[in-house]
Amino acid sequence: QVQLVESGGGLVQPGGSLRLSCAASGSIFSINLMGWYRQALGEERELVATITSDGSARYADSVKGRFTISRDNAKNTVYLQMNSLKPEDTAVYYCKVIVQLRSRGPSYQYWGQGTQVTVSS
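All figures in this text were calculated on a predicted structure; none of them were measured in a lab.

Moving on, we come to the packing of aromatic side chains. This model, assessed by the stated rule, comprises two aromatic pairs. Plain terms: the ring middles of Tyr 94 and Trp 111 are 6.5 Å apart, the flat faces sit at 85 degrees to each other, and that makes the pair edge-to-face. Placement of Tyr 94 in strand E9 (residues 91-100) and of Trp 111 in strand E10 (residues 107-111) is noted, with a sequence separation of 17 residues between them. On the basis of relative accessible area, Tyr 94 is assigned to the buried category, the value being 14%. Among the aromatic residues, ring-to-ring pairing joins Tyr 37, Tyr 94 and Trp 111 into one connected group. For the cation-ring pair, Arg 45 lies above Trp 111, with the distance from its terminal atom to the ring centre recorded as 4.6 Å.

Spelled out as structure tokens, the structure:
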């Protein structure tokens, strides 16, 4: 099994910054894709950013230029640096990974427990 532990959420004023972390552990052979999604109250979960094993990143239009996703492959950890935060960024942020548990094995998807980000004055 794979466990994901998220940290870094909290309350921040508009224009402020936060950094989220998500560490994966367990019997992992490789992590193909790591990403962040968010779900605001009453809304559907949406993609924020993803990053492949070779570092290719993809962002939602709403966060381009403000958020940066990165990963440390040695630590099986993905980060989300969030700058110039806006009230509309308020949501529960979830980490997702797509992993292989053995060489040439199938891929599995795992989600973190979520961390609350609130942007308010």
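Across the sheet, four strands lie side by side as E1-E3-E8-E7; this open sheet has antiparallel pairing. Each edge of the open sheet carries a strand with a single partner, namely strand E1 (2-7) and strand E7 (67-72). Direction aside, the axes of adjacent strands within the sheet are offset by 15 degrees on average. Here six bridges tie strand E3 (residues 18-26) to strand E8 (residues 77-82), and the two strands are oriented antiparallel to one another. Bridge pairing in E8 links Leu 20 to Leu 80.

As a further point, take the pairing of strand E11 (residues 115-119). For a regular strand, side-chain orientation follows a simple rule: the groups alternate between the two sheet faces. Here E11 shows one buried face, formed by Thr 115, Val 117 and Val 119, and one open face, formed by Gln 116 and Thr 118. Examined bridge by bridge, strand E2 (residues 10-12) and E11 share three bridges and lie parallel to one another. Within the sheet, the bridge partner assigned to Gly 10 lies in E11 and is Val 117. Here E9 runs beside E11; their pairing, made up of three bridges, is antiparallel. What sits directly across from Tyr 93, in E11, is Thr 115.

Each value, and the rule that gives it
- Residues numbered from 1 in each chain as written.
- Predicted model: local features only at pLDDT ≥ 70, side-chain atom pairs only at ≥ 80, totals over all residues.
- Heavy atoms only, no water.
- Phe/Tyr/Trp six-rings, centres within 6.5 Å; stacked < 30°, edge-to-face > 60°.
- Helix = DSSP H or I, 4+ residues; strand = E, 2+ residues; numbered from the N terminus.
- Buried < 20%, exposed > 50% of the residue type's maximum accessible area, 1.4 Å probe, protein only.
- Lys NZ or Arg CZ within 6 Å of the ring centre and 35° of its normal.
- Pairing = 2+ DSSP bridges.
- Axes fitted to C-alpha atoms, helices over the stretch in contact; angles between N-to-C directions.

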